[in-house]
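Chain by chain, the residues:
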Amino acid sequence: MGSLAAQVPDLISFAPGHPDPSTFPWDAIREAAETLLRGRDANVLQYGGTRGYRPLLESLTNVLTSRGITSTLEERILTTGSQQALDLVGRVLLDPGDVVLVELPTYTGAITAFSNVQALLVGVPQDEDGVNLHALDETFQRQTSSGRRVKFLYVVPNFQNPTGLLISLQKRLALLEWAAQRDVLIVEDDPYRDLYFPDVTTEAETRPIAADDAPGRVIYLSSFSKTLAPGLRVGWVSAPPEIASRIELAKQAGDLCTGVLDQRVVYECCRRGILAAHLPELREIYQRKRTVMVDALTSHFGRDLSWPTPRGGFFLWAQLPGGLDAGRLLPIAQAHGVIYVAGTAFFVDGTGNAHIRLSFSAPSADRIREGVRRLASAVEHARLPSSP
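If you're wondering where the values come from, they're calculated on a predicted model, not measured in any experiment. (Residues numbered from 1 in each chain as written. Predicted model: local features only at pLDDT ≥ 70, side-chain atom pairs only at ≥ 80, totals over all residues. Heavy atoms only, no water.)

A. Region of the structure containing the pairing of strand β10 (residues 315–319). Across the five residues that make up β10, a large majority, four, are buried. As judged from the five bridges shared by β10 and strand β13 (residues 355–359), these two strands associate in the antiparallel manner. Residue Gln319 lies in a different strand from β13, and its bridge partner there is His355. (Buried < 20%, exposed > 50% of the residue type's maximum accessible area, 1.4 Å probe, protein only. Helix = DSSP H or I, 4+ residues; strand = E, 2+ residues; numbered from the N terminus. Pairing = 2+ DSSP bridges.)

B. Structural context of the sheet that holds β10. The three strands are arranged β10-β13-β12 in an open sheet whose pairing can be described as antiparallel. Pairing within the sheet leaves two strands with one partner each, and these edge strands are β10 and β12 (341–342).

C. Geometry of the nonpolar core. Counting 90 residues, the largest nonpolar core has Leu101, Phe224, Leu297, Leu316, Tyr340 and Leu358 as the members making the most contacts within it. Sorting elements by how many residues they give to this core places helix α10 (residues 274–301) first, with 11 residues. Residues within four places of Tyr340 in sequence aside, it is in contact with Phe14, Ala15, Ala326, Leu329, Leu330, Ala333, Ile356, Arg357, Leu358 and Leu375. (Core = buried A, V, L, I, M, F, W, Y, C linked by side-chain atoms within 4.5 Å. Contact = heavy atoms within 4.5 Å.)

D. Region of the structure containing the pattern of salt bridges. The tally for this structure, following the rule as stated, stands at 30 salt bridges. A salt bridge links Arg374 to Asp10, with the shortest nitrogen-to-oxygen separation between them at 3.1 Å. You can see Arg374 sitting in helix α12 (residues 365–382) and its partner Asp10 sitting in the loop between α1 (2–7) and β1 (12–13), a full 364 residues away along the chain. A salt bridge links Arg193 to Glu203, with the nearest nitrogen and oxygen atoms 3.0 Å apart. With Arg193 in the loop between β7 (185–189) and β8 (218–223) and Glu203 in the loop between β7 and β8, this residue pair connects regions lying 10 residues apart in the sequence. (Salt bridge = Lys/Arg side-chain N within 4 Å of Asp/Glu carboxyl O.)

Keep in mind these values describe shape, not function.
Written out as structure tokens, the structure is:
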């Protein structure tokens, strides 16, 4: 295996969920930064308020309204990416031993954030259109009958990381009804909403759960990382006012003052219409990459590998041929010059060894094709009979 690795020094990574760097609006960001730094406004480089740069908070009205969400200024807080929002939500809402219901599989960053405050994460199986409602309620009743307190359901409804699944509109409404019946909150993580693929998905199908949340039961998280640039580290949370106030206090303990320069650059890009004009191009680029990966997998694996075709986002979720373990296959794949994320990273019940997450967002089309070829070679190698 070591000799194989030496022969393939140019590792192709399908592991990280990184945006394609060629999509970054370099000129727009440079012009925005130069405008800010050429001025004499000391606030550009001064400490910022805990809740974030107010003009950007105000401009989020346009973003949220376009998604069907009604949100007041007092409900919003800017964060260091949506990952900080997950951490803050966990610290504010969870006590040790509290239960968080999550999708099987679910986002690893959420697993870490909620586990860090000693919550118990309990998985609920997914159907093709999202969380299985029958299993959800059974799981809730099983946990409460055991004396545990279920605090909230965490979901990624649009092009979930890792599966790429899209929760149906009907099921989104059903989740709201269930949450009201069981008196629990929903934490909706929505970083990929704008990256739907027009060939298979309409914008209407991405309507957030929070858009129909009249009672104020949904805490909504999103980010500019996937659409503008992740290095700016600007995300946000919109929550009922009493929860938003508690999040603000928790944020003060963590960073006290916000990174205002990053937020002002983002604001300038939004104010100038850069992001809105950029989104159709992003959808086209990632849709094309999705198609390249699907075609390459079909060509090299046929029916030997199965996956739901991604309808948006960054990820393809594949099930390995029978008998192959994703963890054991990984070093073989690395020796062949390609890596991925084993499915077990996304399951809170210890399963997932038959799945792999392949990210098509960052590599070029040629690298995607070559990476899939290497993956097929690794699978073929792994299926060879062991030497006596």
